[in-house]
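# Examining the three-dimensional arrangement
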Amino acid sequence: MKTEMQVKLESYPHAIKPLILELRQLIFTVANELQLGEIDETIKWGELSYQVQNGSPVRIDWKAKTQEHYYLFFHCQTKLIDTFRELYSDSLTFQANRAIVLNIDEKLPEKAVRHCLELAMQYKKLKHLPLLGA
């Protein structure tokens, strides 16, 4: 892990860091299972950012001004959040067309989040399909 990533992770409160690490691990697991190649792991807009070659960037973060939530951010000019909302409005919460909002006091809805990550990380080959082929 790059130094800048470690510094960002260390900046999170003690209770938040494991939640962020869980999302990070899920991103790497999905990429590995789908054989999507190397993940470009960087900091963009002050947030942890992850991208594979044919995917749309995924960012994760926690914000001090909304302490009870942490987020999975997606490129707002894609069909990702609209698709996720169609598929998972009963189990996920969304912020406009840019993020999945997760509650720090609730278990990660892993199945739904995993599927959303799969779609985002394969976005370039799925974007022409209705509901991204879901």
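Let us look at the structure shown here.

Parameters at a glance
Residues numbered from 1 in each chain as written. Predicted model: local features only at pLDDT ≥ 70, side-chain atom pairs only at ≥ 80, totals over all residues. Heavy atoms only, no water. Helix = DSSP H or I, 4+ residues; strand = E, 2+ residues; numbered from the N terminus. Phe/Tyr/Trp six-rings, centres within 6.5 Å; stacked < 30°, edge-to-face > 60°. Buried < 20%, exposed > 50% of the residue type's maximum accessible area, 1.4 Å probe, protein only. 1 Å grid on protein atoms, 1.4 Å probe; cavity = no way out; pocket = protein on both sides within 12 Å on 5 of 7 lines; lining within 4 Å. Points joined across faces, edges and corners; volume = space filled by probe spheres on them. Nonpolar A, V, L, I, M, F, W, Y, C, P; charged D, E, K, R; others polar. Pairing = 2+ DSSP bridges. Axes fitted to C-alpha atoms, helices over the stretch in contact; angles between N-to-C directions.

## A closer look at the environment of Q6
- Looking at the secondary structure, you find Q6 in helix α1 (residues 3-11).
- Q6 sits 119 residues away from K125 along the chain, and the two C-alpha atoms are 32 Å apart.

## Focus on the packing of aromatic side chains
- For the structure shown, the criterion picks out 3 aromatic pairs.
- Measuring from ring centre to ring centre gives 5.4 Å for Y71 and F73, while their planes differ by 25 degrees; the resulting arrangement is stacked. Like F73, Y71 is buried.
- Seen in terms of ring centroids, F74 and F84 are 5.0 Å apart; in terms of plane orientation they differ by 75 degrees. Their pairing is edge-to-face. Highlighted residues: F74 in strand β4 (residues 69-74) and F84 in helix α3 (residues 80-88), separated in sequence by 10 residues.
- Residue F74 is classed as buried on the basis of its relative accessible area of 2%.

## Some thoughts on the layout of surface pockets
- The volume enclosed by the largest pocket comes to roughly 170 Å³.
- Surrounding the largest pocket, K44, W45, P57, R59, F74, H75, C76, N97 and R98 form its lining.
- Across the lining of the largest pocket, the residue classes tally to 4 nonpolar, 2 polar and 3 charged.

## Regarding the sheet that holds strand β5 (residues 93-95)
- Pairing in this open sheet of 6 strands is antiparallel, and the strands run β1-β2-β3-β4-β6-β5 from one edge to the other. In this open sheet, the two edge strands, each paired with only one partner strand, are β1 (40-44) and β5. Strand-to-strand twist in this sheet, taken as the mean axis angle between neighbours without regard to direction, amounts to 30 degrees.
- Bridging between β5 and strand β6 (residues 99-103) involves 3 bridges; their strand directions are antiparallel.

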